[in-house]
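Per-entry structural report
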Amino acid sequence: MLGLIMDRPMLISSLIDFAAEYHGGTEIVTHNVEGGLHRYGYADAQAEAKRLANALGELGVGFGDTVGTLAWNTRRHFEIYYAVSGIGAICHTINPRLYVEQLAYIVNHASDRVLFVEAGFVPLLDSFAAEIADTVRAIVVLCDEANLPESEHFDLISYDALVAAHDPVFDWPSFDERTASSLCYTSGTTGNPKGVLYSHRGNILHSYASIGPDCMNISARDTVMPVVPMFHANAWGIPYAATMAGAKLALPGPHLDGENVQALITGEGVTMTAAVPTIWLMLLDYLKRSGKNIRPLTNVVIGGSAVPRSMIETFKRDYGATVRHAWGMTEMSPLGTVNTPLAKHENLDDGAWLDLAEKQGRPIFGVDMRIVGEDGGELARDGVAFGDLQVRGYWVANAYHRQDESDAHTGDGWFSTGDVATLDGDGYMRITDRTKDVIKSGGEWISSIDLENIAVDHPKVVEAAAISVAHPHWDERPLLIAVREEGAELEKSELLDWYEGKIARWWKPDDVVFVDELPHTATGKLLKTKLRDDFKDYILPTA
Ligand code: ADP
């Protein structure tokens, strides 16, 4: 017998309708691409999204069509999110930092009918115009008529003029909640990027989970600043979650440097924010140099790469903000775990609290996890055994877009994350590596993430990567490649001594190379494939 509860479809349009109705005056503030702040309320955003929905119809975009965006975190991008998904079309957010070949590939693979692009990306678009000419029908530039740039290849439409020419009256259609809502490609360090096709249902459930106190903890009293880009797994779902909560939004546009981020925090009263560690390195560096603060910010969600212990400590000790270490993937909408303490952790001393806070966190309801050994058997949840981390859940991708085969999906309904992790009895997960980055010395694994975290905790080190280098006896040994603080004097031996007592002796890197900067992927992760390639012939010292 079925329950007698209404079966209303969970649709993204209901989020903006709710916020417009009950939080209509709550602000969405944008640091404009061209400078200055734009501010309006959720009711205005809804009206603009409805105008855009009408405009999309005129551009020939209908249910099931795909629309691409090459855009920063701004109110226009926010309107596109809601208008496109609202009409049952698919909002494909594109990472402008991808290589041109990858950009052309994904625009075609996704069949983007219309592209919404920042004025500054028009030359980039021109550079692969020929490759996408058969796919894209219209290009809308996120600016007013007066600032419309020139294009060598496309007729450009001004976003503001397009939207203003349409009516704000529009009834969102109702449809199956499993309908595709949005699309995001993983950066794919090898091979072609893979498309993750989100659904309305997945995003709504993910939003319900996100706002909870043990997750991102977002309420109507918060001011939320997603620094993580709206093209990186939907800014970790924040444009949906903040709208569901009716929180004020502060959108930083392209201004992600320490000075601008600090100004937006204090200027708009940001209480909650989220981004990858590199953003916070820039902010902390700016705070140290300027002596400024980040009041009233207390909740800093950090993920995408492992968070260094020193970062968690500095936020707490110097600025009164608590870091919530989070882990997720584009394939997981993206949240999997968030690190918040349990009641039994109430009285931990600083050291033990940091040990806990450094982990990637525990699963949120809606995501199941297991770790699996090389033989496919499940491993103990004892905080020691490590293996392939597998997940399944309400917002986990079950396949890649327009791709028949996926090595990552197991026969029994799990998704293999490619991360190597431990789980403890309370579910706290700790990533030791990505499968492909593991350093295997004498048949035993050395965690590259542990080696990197220890290195960046050294006060004179900004960033570090540990990679494997071939070794005649041990097969592989770790090599540390590090970037020193500007002007700092640091010898190899001093950095190697820093490892004493912190890890097993045999884990210590065999050598250190100092470089000016490390290569990164389009989502800001260390590009270890390049480093392994650059250092493949590196001769380790024999001592
Ligand atoms: P992309 O592959 O496009 O860069 P994702 O954001 O989907 O983008 O990358 C997901 C991967 O990022 C995870 O599988 C994991 O390896 C890494 N990652 C995410 N969060 C963390 C974290 N808190 N600590 C360590 N690694 C993380």
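Residues numbered from 1 in each chain as written. Predicted model: local features only at pLDDT ≥ 70, side-chain atom pairs only at ≥ 80, totals over all residues. Heavy atoms only, no water.

Topic: the sheet that holds strand β4 (residues 90-93)
The pairing of strands in a sheet comes from backbone hydrogen bonds and takes either a parallel or an antiparallel form. The mixed open sheet is built from 7 strands, whose spatial order is β7-β6-β5-β3-β4-β8-β9. Two strands lie at the open edges of the sheet, namely β7 (156-158) and β9 (195-199), each paired on one side alone. When strand polarity is set aside, the average angle formed by the axes of neighbouring strands in this sheet is 25 degrees. Most of the contacts of helix α3 (residues 75-86) go to β4, to which it runs at about 145 degrees, and overall it touches β3 (66-70), β4, β5 (112-117) and β8 (180-185). (Pairing = 2+ DSSP bridges. Helix = DSSP H or I, 4+ residues; strand = E, 2+ residues; numbered from the N terminus. Axes fitted to C-alpha atoms, helices over the stretch in contact; angles between N-to-C directions. Contact = heavy atoms within 4.5 Å.)

Section: the packing of helix α13 (residues 309-319) against helix α14 (residues 350-357)
One way to put it is that α13 packs onto α14 with a least axis distance of 10 Å and a crossing angle of 125 degrees. By the angle between their axes, α13 is oblique relative to α14. By crossing handedness, the relation of α13 to α14 is classed as right-handed. Along its contact with α13, which presents Arg309, Ile312, Glu313 and Lys316, the element α14 presents Gly351, Trp353, Leu354, Asp355 and Ala357. A per-class count over the contact of α13 with α14 returns 4 nonpolar, 1 polar and 4 charged. (Parallel < 35°, antiparallel > 145°, perpendicular 65-115°, else oblique. Left-handed = near helix turned anticlockwise from the far one by under 90°. Nonpolar A, V, L, I, M, F, W, Y, C, P; charged D, E, K, R; others polar.)

Brief notes about the site of the ligand
Lining the immediate surroundings of the ligand are 17 residues, of which Ser187, Ala326, Thr330, Asp419 and Thr523 lie closest. Take threonine 330: an N or O atom from its main chain is 2.7 Å from an oxygen atom of the ligand. If the ligand stood free it would expose 570 Å²; the protein chains cover 94% of that surface. At 4 residues, strand β14 (residues 322-328) tops the list of elements feeding residues into the shell around the ligand. Classifying every residue of the shell around the ligand gives 4 nonpolar, 10 polar and 3 charged. (Near = heavy atom within 4 Å. Polar contact = N/O pair within 3.5 Å; in protein donor to acceptor, adjacent residues only side chain to side chain. Areas by Shrake-Rupley, 256 points an atom, 1.4 Å probe, with all protein chains shown as cover.)

A look at the environment of tyrosine 40
Position of tyrosine 40 among the secondary structure elements: in strand β2 (residues 37-41). Take tyrosine 40: its relative accessible area is 10%, and that puts it in the buried class. Setting aside residues no more than four positions away along its own chain, tyrosine 40 makes contact with Thr26, Glu27, Ile28, Ala45, Glu48, Arg75 and Glu79. Within the local environment of tyrosine 40, its side chain forms a polar contact with the side chain of glutamate 79, the two groups lying 2.5 Å apart. (Buried < 20%, exposed > 50% of the residue type's maximum accessible area, 1.4 Å probe, protein only.)

Topic: the sheet that holds strand β16 (residues 362-363)
A sheet is described by the order of its strands in space; here 9 strands give the open sequence β2-β1-β11-β10-β12-β13-β14-β15-β16, paired in mixed fashion. Each end of this open sheet is capped by a strand with a single partner; those strands are β2 and β16. Relative to β14, strand β13 (residues 299-302) is paired through 4 bridges, and the arrangement is parallel. Across the sheet, the residue bridging to isoleucine 302 is histidine 325, located in β14. Contacts between helix α12 (residues 277-290) and the sheet are confined to β12 (272-275) and β13, with β12 contributing the most and set at about 120 degrees to the helix.

Structural notes on helix α1 (residues 13-22)
Along α1, the residues that are buried comprise Ser13, Leu15, Ile16, Ala19 and Ala20. The arc that holds the buried residues of α1, viewed along the axis, is 160 degrees, so those residues lie on one side. Residues of α1 that are exposed and point more than 90 degrees away from the buried face comprise Glu21 and Tyr22. Residues of α1 that are buried sit in contact with α2 (42-58), α3, α8 (200-211) and α10 (238-245). (Arc of directions from axis to C-beta.)

Here we look at the packing of helix α11 (residues 258-268) against α12
Between α11 and α12, the least distance of the axes is 8 Å, while the angle of their chain directions is 80 degrees. Judged by the inter-axis angle, α11 sits roughly perpendicular to α12. Here Gly258, Glu259, Val261, Gln262 and Ile265 of α11 lie close against α12, whose contacting residues are Trp280, Met282, Leu283, Tyr286 and Leu287. By residue class, the composition of the contact of α11 with α12 is 7 nonpolar, 2 polar and 1 charged.

Notes on the packing of aromatic side chains
Scanning all chains against the criterion turns up 16 aromatic pairs. When the centroid spacing of 5.4 Å and the interplanar angle of 70 degrees are considered together, the rings of phenylalanine 170 and tryptophan 172 count as edge-to-face. Using a relative accessible area of 17% as the deciding quantity, one classes phenylalanine 170 as buried. Residue classification places tryptophan 172 among the buried residues on the basis of a relative accessible area of 13%. The rings of Tyr42, Phe78, Tyr81, Tyr82 and Tyr240 are connected pair by pair, giving a single aromatic cluster. Directly above the ring of tyrosine 400 sits lysine 194, whose terminal nitrogen or CZ lies 5.3 Å from the centroid. Above the ring of phenylalanine 514, the side-chain terminus of arginine 484 is found at 3.9 Å from the ring centroid. (Phe/Tyr/Trp six-rings, centres within 6.5 Å; stacked < 30°, edge-to-face > 60°. Lys NZ or Arg CZ within 6 Å of the ring centre and 35° of its normal.)

What about α12?
Taking 1.5 Å per residue as the helical rise, α12 with its 14 residues ought to reach 20 Å, and the 20 Å between its terminal C-alpha atoms agrees with that figure. Within α12 the residues assigned to the buried category are Pro277, Ile279, Trp280, Leu283, Leu284, Tyr286 and Leu287. One or two residues past the end of α12 sits glycine 291, with phi positive at roughly 75 degrees. (Expected span 1.5 Å × (residues − 1).)

Considering unusual backbone geometry
Backbone phi values are negative for most residues with the exception of glycine, while trans is the configuration of most peptide bonds. For the bond from arginine 295 to proline 296, the omega torsion is 5 degrees, close enough to zero to count as cis. Residue position: proline 296 is located in the loop between α12 and β13. Following serine 333, the chain continues to proline 334 via a peptide bond in cis, the omega torsion being 5 degrees. Along the chain, proline 334 turns up in the loop between β14 and β15 (335-338). At serine 333, a position not held by glycine, the phi torsion is positive, near 70 degrees. Note on placement: serine 333 falls in the loop between β14 and β15. In the Ramachandran plot, arginine 402 falls in the positive-phi region, its phi being about 50 degrees despite a non-glycine side chain. Mapped onto the secondary structure, arginine 402 falls in the loop between β18 (387-393) and β19 (415-423).

Observations regarding the environment of valine 227
For valine 227, the position within the fold is in the loop between β10 (223-226) and α9 (233-236). Its relative accessible area of 2% is what places valine 227 among the buried residues. Between the alpha carbons of valine 227 and valine 61 there is a distance of 29 Å; along the sequence they are 166 residues apart. Leaving out residues up to four positions away in the same chain, valine 227 has contacts with Asn73, Pro252, Leu256, Thr273, Ala274, Ala275, Ile279 and Trp280.

Let's talk about the pattern of salt bridges
Tallying each qualifying case throughout the model produces 30 salt bridges. A salt bridge links aspartate 176 to arginine 178, with the nearest nitrogen and oxygen atoms 2.7 Å apart. Judged by its relative accessible area of 62%, arginine 178 is exposed. Taken together, the salt bridges that share partners define one network made up of Glu27, Arg39, Lys248 and Glu268. (Salt bridge = Lys/Arg side-chain N within 4 Å of Asp/Glu carboxyl O.)

Scope: geometric values only; no functional claims are made or implied.
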